[in-house]
Amino acid sequence: MTVTSVAIAYFSGYGHTARFAEAVRDGAASVSGTEVHLVAVDTVTDEQWQLLDAADAIVFGSPTYLGDVAAKFKLFMEQSSGRWKNQMWADKLAAGFVNSGAKSGDKLHALQTLSLYAAQHSMLWVSLGLLPGWNSSQASEFDLNRLGVWLGAAAQSNGDEGPEAAHPADLATAEHLGRRIAEQAVRTAPAAVPVLV
């Protein structure tokens, strides 16, 4: 059986985005034949760079600071420039998730940064694949995709609460994203070639 590798490359300033990274991991790990690796980009090691290089899919995650990804995530992006120059991640699947204190918080702009980054690496972007939730009188804030974003998973965390208060709908939406990209990675992985003896 072929094992598909999904890596989650994220930065978390206060622990909130790490909770969503763990939810993405749980979703991806629920797909049979998938191994998942969490990579905190502010402490990325040579071994973890190799995990990213070997992964079939990479999910990028960052808090949204001042309308874009965090500076420490941006540093990781710049550190990958040698890989960009050599197109080492070309044709890998990619997806993204972001988090901010405000309901909007310009999270779309941060997701656009992540998707453009993936495009520069010639990666193939996987969208969230959910209709918006919480957009009718019959809907609820506990619906998946309660913030109505298509490009990736978006979460909102109150600034005066810790990561343990992460909204359950946002965690479930992040888990959905992880499962979706893992399913796509398994579906598009080259079939194992039998060895003839």
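Up top is the structure.
Keep in mind that this is a model prediction, so the values were computed, not measured.

K.L.:
Residues and numbers for the overall build of the protein, please.
P.N.:
When its secondary structure is counted, the protein shows 6 helices and 7 strands. Here the C-alpha radius of gyration of the protein, 16 Å, is about what a compact globule of 197 residues would show, namely 16 Å. Projected onto its principal axes, the C-alpha positions of the protein cover 65 × 35 × 25 Å. Taking all 197 residues of the protein together, 47% fall into the buried category. Within the protein, counting contacts between residues at least 6 apart in sequence, those at least 24 apart form 78% of the total.

K.L.:
Hey, could you go over the side chain of lysine 92 for me, with residue numbers and the actual values?
P.N.:
Within the secondary structure, lysine 92 is located in the loop between α4 (81-85) and β5 (93-100). Buried charge without a salt bridge: lysine 92, with aspartate 56 as the nearest opposite-charge side chain at an N-O distance of 6.3 Å. Within polar-contact distance, the side chain of lysine 92 engages the backbone oxygen of aspartate 53 at 2.6 Å. With residues up to four places along the chain from it excluded, the contact list for lysine 92 reads Leu52, Asp53, Ala54, Ala55, Asp56, Ile58, Met123 and Leu124.

K.L.:
Explain a nonpolar patch on the surface to me, using residue names and the numbers behind them.
P.N.:
Together, Tyr14, Tyr65 and Leu66 make up a nonpolar patch on the protein surface, roughly 440 Å² of accessible area in all. Looking at the secondary structure, you find leucine 66 in the loop between β3 (57-65) and β4 (68-69). For leucine 66, a relative accessible area of 92% corresponds to the exposed category.

K.L.:
Go over the pairing of β3, please, and point to the residues and values.
P.N.:
β3 sits mainly inside the fold: 8 of its 9 residues count as buried. As paired strands, strand β1 (residues 4-10) and β3 are joined by 5 bridges and run parallel to one another. Within β3, the residue paired with tyrosine 10 across the bridge is glycine 61. Strand direction decides the pairing type here: β3 and β5, joined by 7 bridges, are parallel. Residue pairing in the sheet places serine 62 in a bridge with valine 98 of β5. In this sheet, β4 lies alongside β3 in antiparallel orientation, the contact comprising 2 bridges. Paired with tyrosine 65 across the bridge in β4 is aspartate 68.

K.L.:
Could you give an account of the pattern of salt bridges, naming the residues involved and the relevant values?
P.N.:
As enumerated under the stated definition, the model contains 4 salt bridges in all. For arginine 25, the salt bridge is made with aspartate 26, and the minimal N-O distance between the two is 3.2 Å. The class of arginine 25 is partly exposed, set by a relative accessible area of 29%. Across the pair arginine 83 and aspartate 53 runs a salt bridge, and its minimum N-O distance is 2.7 Å. Of this pair, arginine 83 sits in helix α4 while aspartate 53 is found in helix α2 (residues 46-54), placing the two residues 30 residues apart along the sequence. Take arginine 83: its relative accessible area is 17%, and that puts it in the buried class. Overall, aspartate 53 belongs to the partly exposed group, its relative accessible area being 21%.

K.L.:
Tell me about unusual backbone geometry, residues and numbers included.
P.N.:
In the Ramachandran plot, aspartate 106 falls in the positive-phi region, its phi being about 55° despite a non-glycine side chain. Within the fold, aspartate 106 resides in the loop between β5 and α5 (107-120). Aspartate 106 gets classed as partly exposed once you look at its relative accessible area, which sits at 48%. The backbone of tryptophan 134 sits at a positive phi, close to 55°, despite the residue not being glycine.

K.L.:
So what's going on with helix α1 (residues 16-29)? Which residues, and what values?
P.N.:
Compared with an ideal rise of 1.5 Å per residue, which puts 14 residues at 20 Å, α1 spans 20 Å between its outermost C-alpha atoms and is within 8% of the ideal. Along α1, the positions that sit buried rather than exposed are His16, Thr17, Ala18, Phe20, Ala21, Ala23, Val24, Gly27 and Ala28. As for α1, its buried residues are in contact with β1, β2 (34-40), β3, β5, β7 (153-156) and α6 (168-188).

K.L.:
Which residues make up the nonpolar core, and what values go with them?
P.N.:
Formed by 28 residues in total, the largest nonpolar core has its most connected members in Val59, Phe97 and Ile181. Of all elements in the fold, only β1, α1, β3, β5, β7 and α6 reach the threshold of two or more residues within this core. For isoleucine 181, the residues in contact, after removing those within four places along its chain, are Val6, Ala57, Ile58, Val59, Leu93, Ala94, Ala95 and Val126. Ranked by size, the runner-up nonpolar core spans 27 residues in total, among them Ala55, Val69, Phe73 and Met123.

Rules of the game
- Residues numbered from 1 in each chain as written.
- Predicted model: local features only at pLDDT ≥ 70, side-chain atom pairs only at ≥ 80, totals over all residues.
- Heavy atoms only, no water.
- Helix = DSSP H or I, 4+ residues; strand = E, 2+ residues; numbered from the N terminus.
- Rg over C-alpha atoms; globule rule 2.2 N^0.38 Å.
- Buried < 20%, exposed > 50% of the residue type's maximum accessible area, 1.4 Å probe, protein only.
- Contact = heavy atoms within 4.5 Å.
- Lys, Arg positive; Asp, Glu negative; His and termini not counted.
- Salt bridge = Lys/Arg side-chain N within 4 Å of Asp/Glu carboxyl O.
- Polar contact = N/O pair within 3.5 Å; in protein donor to acceptor, adjacent residues only side chain to side chain.
- Patch = residues over 30% accessible without salt bridge, like charges linked within 9 Å, V, L, I, M, F, W, Y side chains within 5 Å.
- Areas by Shrake-Rupley, 256 points an atom, 1.4 Å probe, with all protein chains shown as cover.
- Pairing = 2+ DSSP bridges.
- Expected span 1.5 Å × (residues − 1).
- Core = buried A, V, L, I, M, F, W, Y, C linked by side-chain atoms within 4.5 Å.

Take it as geometry only, folks, not as evidence of what the structure does.
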